[in-house]
Amino acid sequence: MLERASRTGTAAVLREVGGSLKRTEIVCDALRPDEVLVRMVGAGICHTDLSAMEGVVPVPLPIVLGHEGAGVVLERGSAVTALEPGDHVVLSFDACRACPACQRGLPGYCNHARALNYACARSDGTTTLRDAAGPVHGGWFGQSSLASIAVASQRNAVRVPRSNELALLAPLGCGIQTGAGTVLRALKASAGQGIAIFGAGAVGAGALMAAVAARCSPIVVVDPLPSRRQLALELGATHALAPDEVGERGSGLRKALGGGLDFCIDTVGTQAVITQALHALGTPGVCATLALRGGANPVSISQTHLLYGRTLVGIIEGDADPQAFIPELVRMWRAGQLPLERIVRTFAFDRLDEALAKMRDGSVLKPVLTFGGIE
């Protein structure tokens, strides 16, 4: 058992909706039996974190956000058997591992997902963290990794091979898992099948890299930013189009390809994009929508359009089980099939504001905060 000093750290705390993240000293008291304490090496910033900051996704305050963590296990609770101090781990979303959805290998649809990922407190109402002002909510997606220490569990801490590039693996916990899992797990795309990806942020990039690995063809990326379209081509897309080139009902894309596609992936979640994506499908064809916009987000579709064999489906976390899928993604990365270094830019933790600004203006696909080297 490590000394109490190991349970102190620095975190970026949100104290008011619409406010900025303020760095402050935090403490984690004694672990519960099922918890692990992780010293963070890297933490990705996801658009869901920004949505929470802006009040689109309601969260209790004060809170530490962050749900794409990678680090080293410092300490484990008495009931933890799958992890040991010194293990390298990638943190993902939490799930109960016992309900029907979890038993079917679909923990993203866990019956207790809201309590485990959004309540940001233990089942008895206590928080995992505190600072000089009092309790601080942790447990955002089972981790709250925008901090130098994080409390997780063996359910959502995935052991990975030791690596000096552990920080680079942080986005596997959510964004890359969501995009790549949608292609490889949910859609089960295979060689020669055509796919279009609407939105070339981190989730879209994950889907693109997986589609290239699966040898899909053609692979179309649609994004308004020329820099992202160029990167998509460098990563293996066969076509990269601006939204106006696609056409309101996908006619431009269908004309460019000589027909419709097997799959479309929507990472944006607007009426305009979903309409484009559905009309870009062939028959049959599947459109997967992944975007989280918060609250009600009504869209209109034609039932007659669906009758021609088209499907619109929502997917959470790529329909993946992180305990099985994250190690697979690590193997892909090591084989050169998942070039994370092309989309990740690291920022020291004291450059948090710069990282947030770069993400908001679109100049960085996936900012990852770093907390020092691996010991």
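Residues numbered from 1 in each chain as written. Predicted model: local features only at pLDDT ≥ 70, side-chain atom pairs only at ≥ 80, totals over all residues. Heavy atoms only, no water.

### Observations regarding the sheet that holds strand β14 (residues 261-266)
Here six strands make up an open sheet; going across it, the order is β13-β12-β11-β14-β15-β16 and the pairing parallel. Every other strand in the sheet has two partners, leaving β13 (239-241) and β16 (310-314) as the edge strands with one partner each. Strand-to-strand twist of the sheet, defined as the mean angle between neighbouring strand axes without regard to direction, takes the value 15°. Strands β11 (195-198), β14, β15 (281-289) and β16 of the sheet are contacted by helix α9 (residues 271-280), whose axis makes an angle of about 150° with β15. (Pairing = 2+ DSSP bridges. Helix = DSSP H or I, 4+ residues; strand = E, 2+ residues; numbered from the N terminus. Axes fitted to C-alpha atoms, helices over the stretch in contact; angles between N-to-C directions. Contact = heavy atoms within 4.5 Å.)

### What about the packing of helix α4 (residues 175-186) against helix α11 (residues 322-334)?
Where α4 meets α11, the axes come as close as 11 Å, and the angle between the chain directions of the two elements is 95°. Taken together, α4 and α11 sit at an angle that is classed as roughly perpendicular. Where α4 approaches α11, its residues Gln177, Ala180, Gly181, Leu184 and Arg185 are matched on the opposing element by Pro322, Phe325, Ile326, Glu328, Leu329 and Met332. For the contact of α4 with α11, the per-class residue count stands at seven nonpolar, two polar and two charged. (Parallel < 35°, antiparallel > 145°, perpendicular 65-115°, else oblique. Nonpolar A, V, L, I, M, F, W, Y, C, P; charged D, E, K, R; others polar.)

### What about the nonpolar core?
Among the nonpolar cores identified, the biggest contains 52 residues, and Leu169, Leu172, Leu338, Leu340 and Ile343 are the most heavily contacted of them. Broken down by secondary-structure element, the contributors of at least two residues to this core are β5 (69-76), α4, β11, α5 (202-213), β12 (219-222), α6 (226-235), β14 and α11. Those residues in contact with Ile343 that lie beyond four places of it in its chain are Ile176, Ala205, Met209, Leu231, Leu235, Leu365 and Lys366. Counting residues in hydrophobic clusters, the runner-up holds 50 residues, among them Ile26, Val59, Val136 and Leu369. (Core = buried A, V, L, I, M, F, W, Y, C linked by side-chain atoms within 4.5 Å. Buried < 20%, exposed > 50% of the residue type's maximum accessible area, 1.4 Å probe, protein only.)

### A word on the confidence of the model for the chain
Per-residue pLDDT for the chain has a mean of 95; in total, 98% of the residues score no lower than 70. Note on residues 1-5: pLDDT under 50 across the span, and eight contacts to partners over four residues away in sequence or across chains. (pLDDT = per-residue confidence, 0-100.)

### Observations concerning α11
Between its first and last C-alpha atoms α11 spans 18 Å; for 13 residues at 1.5 Å apiece the expected length is 18 Å, and the two agree. The set of residues buried in α11 consists of Pro322, Phe325, Ile326, Leu329, Val330, Met332 and Trp333. Take α11 and look down its axis: the buried residues cluster within an arc of 160°, on one side only. Away from its buried face, by an angle of more than 90 degrees, α11 presents the exposed residues Arg331 and Arg334. Here the buried face of α11 lies against β6 (88-91), β10 (157-159), α4 and α5. The N-cap of α11, judged by a side-chain oxygen 3.0 Å from the amide nitrogen of Gln323 a few residues on, is Asp321. The first or second residue beyond α11 is Gly336, which carries a positive phi of 85°. (Expected span 1.5 Å × (residues − 1). Arc of directions from axis to C-beta. Polar contact = N/O pair within 3.5 Å; in protein donor to acceptor, adjacent residues only side chain to side chain.)

### A word on the pairing of β15
In terms of strand pairing, β14 meets β15 through five bridges, oriented parallel. Looking at the pairing, Phe263 lines up with Val286 of β15. Taking the sense of rotation as the criterion, the β-α-β connection linking β14, α9 and β15 turns out right-handed. (Right-handed = clockwise from strand over helix to strand, strands pointing away.)

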